[in-house]
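Commentary on secondary and tertiary structure
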Amino acid sequence: MNVLGIETSCDETGIAVYAGGRGLLAHRVYSQTDIHLEYGGVVPELASRDHIRKTLPLIRGVLAEAALGSSDIDGIAYTSGPGLVGALLVGAAIGRTLAWAWGVPAVGVHHMEGHLLAPLLEREVPEFPFVALLVSGGHTQLVAVEGVGRYRLLGESLDDAAGEAFDKTAKLMGLPYPGGPELAKLAEKGDPGRFRFPRPMTDRPGLDFSFSGLKTFALNTLNSELKRVRGVEAVARLKADIARAFEDAVVDTLVIKCRRAVRESGSRRLILAGGVSANRRLRERISVAMESEGGRAYYPRPELCTDNGAMIAFAGWQRLKAGQSEPLKFGVRPRWPMEELPGV
Ligand code: KG4
Ligand code: ZN
């Protein structure tokens, strides 16, 4: 079964074809970074308009790369939430319409389920059950995963998501959008010994997170140090050291909670997914931590950590092959708890 995947929930247009039994045939992502750069963040209306421009040409390109015609597509999966409502509606309208025109079933996919299943696109896949750490721009969640669609939320962020904390901290340090990867790049040059930021909510039991205080901590550190530090080079070093302290605090906090989650769940397998799972230090630290727990960490290749169509095609394939599809109408859900999904 060849499934066309369409992702348009935020600022990336992602298109892919996943073939059951063969794997990923082609995938392309168009990032709108240049469009939103001058505004310092995603402008929803501009995002929707650009998805309209890019989706069909990308679909043509992906089909050509996979050497498939429209008659080779057996089903269409599009992201139907959570995300920006206008952006979601573009992918949903195009996906549902093509499915109708081509006479194939369509299925609306939960964006976070897409992220969660992305590690299963790699060669070595974890067996169920496992624990998932989902770290994206909108969500930070620890989930016990029994199977596809069988999810139990163990903990989540009570305020900013990890990616959001990266983005906001980057912005107040004067880094360009999208801040997360820029801050991570700056942190590479930072001295880990200069500042130590708190590890929020690790001194009490539970698996919830709170990251919003860390950006204030970064801002206060920056402002108080700027009173003493002079010179372009010294200020650049200061910012790199703050970036490193911030990254270490987020990574440490995530690692501590992941250890707790695997101990509590009894599963020794942990998957890492969502945009922040592209972070090099997080990947390394989680791998080491899981090995010392006698288990193993799994994560997608970096290009499948951030938003993409491959994860939507794959999650859609899982549901279509289980016989799930949508009637001839479509809707999107800007907010959507993953626990409401049916099992397959
Ligand atoms: O999953 P994703 O592409 O979109 C959402 O579903 O939100 O995640 C985007 C988030 C952004 O907040 C971005 O700054 C963050 O992932 N991110 C990173 C890195 N790459 C992307 N954060 C830290 N280090 C990175 N290398
Ligand atoms: Zn995402």
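As a reminder, the structure under discussion sits directly above these lines.
The structure displayed is predicted, hence computed values, not measured ones.

Conventions adopted
- Residues numbered from 1 in each chain as written.
- Chains lettered and ligands numbered in written order.
- Predicted model: local features only at pLDDT ≥ 70, side-chain atom pairs only at ≥ 80, totals over all residues.
- Heavy atoms only, no water.
- 1 Å grid on protein atoms, 1.4 Å probe; cavity = no way out; pocket = protein on both sides within 12 Å on 5 of 7 lines; lining within 4 Å.
- Points joined across faces, edges and corners; volume = space filled by probe spheres on them.
- Helix = DSSP H or I, 4+ residues; strand = E, 2+ residues; numbered from the N terminus.
- Buried < 20%, exposed > 50% of the residue type's maximum accessible area, 1.4 Å probe, protein only.
- Arc of directions from axis to C-beta.
- Contact = heavy atoms within 4.5 Å.
- Core = buried A, V, L, I, M, F, W, Y, C linked by side-chain atoms within 4.5 Å.
- Pairing = 2+ DSSP bridges.
- Near = heavy atom within 4 Å.
- Polar contact = N/O pair within 3.5 Å; in protein donor to acceptor, adjacent residues only side chain to side chain.
- Areas by Shrake-Rupley, 256 points an atom, 1.4 Å probe, with all protein chains shown as cover.
- Axes fitted to C-alpha atoms, helices over the stretch in contact; angles between N-to-C directions.
- Donors = N, O, S within 2.8 Å, 3.2 Å for Na, K, Ca; no water.

**Section: the layout of surface pockets**
By volume, the second largest pocket is sized at about 240 Å³. In this structure, the second largest pocket is lined by 17 residues; those nearest its centre are Ser80, Val107, Gly108, Glu326 and Trp336. It is strand β5 (residues 106-110) that contributes the most residues to the lining of the second largest pocket, four residues altogether.

**Notes on helix α6 (residues 179-187)**
Think of an α-helix as turning once every 3.6 residues; residues three or four places apart then point the same way. Residues of α6 that are buried include every one of Gly179, Gly180, Leu183, Ala184, Leu186 and Ala187, and no others. Each buried residue of α6 lies within a common arc of 160° when the element is viewed along its axis, so the set occupies one face. Residues of α6 that are exposed and point more than 90 degrees away from the buried face comprise Pro181 and Lys185. For α6, the elements touching its buried residues are α5 (162-172), α8 (232-265) and α9 (280-292).

**Here's the deal with the nonpolar core**
Ranked by size, the top nonpolar core spans 45 residues in total, and within it Leu133, Phe197 and Ile286 carry the most contacts. When contributions to this core are tallied by element, the ones reaching two or more residues are β6 (130-135), α5, α6, α7 (212-226), α8, β9 (269-273) and α9. Apart from the residues lying within four places of it in its own chain, the contact partners of Ile286 are Leu133, Val255, Cys258, Leu270, Leu272 and Ala297. Core analysis: the second largest hydrophobic core is formed by 34 residues, Val107, Val148, Ile271 and Leu304 among them.

**Structural notes on the pairing of strand β2 (residues 12-19)**
Buried residues dominate β2, accounting for eight of its eight residues. What you see with β2 is no split at all: Glu12, Gly14, Ala16 and Tyr18 on one side and Thr13, Ile15, Val17 and Ala19 on the other are buried throughout. One ladder, built from six bridges, connects strand β1 (residues 2-7) with β2; its direction is antiparallel. Across the sheet, Leu4 pairs through a bridge with Val17, a residue of β2. The antiparallel pairing of β1 with β2 creates a hairpin that spans four residues between the two strands. Judged from the eight bridges that link them, β2 and strand β3 (residues 23-31) form a sheet pairing that is antiparallel. Across the sheet, the residue bridging to Ala16 is His27, located in β3.

**Here's the deal with the site of ligand 1**
In the neighbourhood of ligand 1, 18 residues make up the surrounding shell, with His115, Gly137, Asp167, Gly275 and Asp307 lying closest. Interatomic distance of 3.0 Å between a side-chain N/O atom of His111 and an oxygen atom of ligand 1. In the environment of ligand 1, an oxygen atom lies 3.1 Å from a nitrogen or oxygen atom belonging to the backbone of Gly163. The fraction of the free accessible surface of ligand 1 (550 Å²) that becomes covered by protein chains is 86%. Looking at the shell around ligand 1, the elements that each hand over two or more residues are α4 (111-117), α5 and α6.

**Side note on the sheet that holds strand β7 (residues 140-147)**
Read across the open sheet, the five strands follow the order β8-β7-β6-β9-β10; overall the sheet is mixed. Looking at which strands have only one partner, the edges of the open sheet turn out to be β8 (150-156) and β10 (296-298). With strand direction ignored, the average angle separating the axes of adjacent strands in the sheet is 25°. The pairing of β6 with β9 spans four bridges and is classified as parallel. Bridge pairing links Leu134 to Ala273 in β9. Contacting β6, β7, β8 and β9, α8 crosses the sheet at an angle of about 155° to β6. α9 rests against β6, β9 and β10 of the sheet, and its axis sits at about 175° to β9.

**What to know about the coordination of the zinc ion (ligand 2)**
Around the zinc ion (ligand 2), the protein contributes the donor atoms His111 (NE2), His115 (NE2) and Asp307 (OD), which lie 2.0 to 2.1 Å from the metal centre. Each donor residue of the zinc ion (ligand 2) belongs to the same chain, with the gaps between them written as H-x3-H-x191-D. Within this pair, whereas His115 is found in helix α4, its partner Asp307 is found in the loop between β10 and α10 (310-321), the two being separated by 192 residues in sequence. By the burial criterion, His115 is buried, and Asp307 matches it.

**Brief notes about the sheet that holds β5**
Pairing is mixed in the open sheet, where five strands are placed in the order β3-β2-β1-β4-β5. Of all the strands in the sheet, the pair left with one neighbour each is β3 and β5. Across the sheet, the mean angle from the axis of one strand to that of its neighbour is 20°, orientation sign disregarded. Judged from the four bridges that link them, β1 and strand β4 (residues 75-81) form a sheet pairing that is parallel. Across the sheet, Leu4 pairs through a bridge with Ile76, a residue of β4. Together, β1, β2, β3, β4 and β5 form the strand contacts of α10, whose direction differs from that of β1 by roughly 130°.

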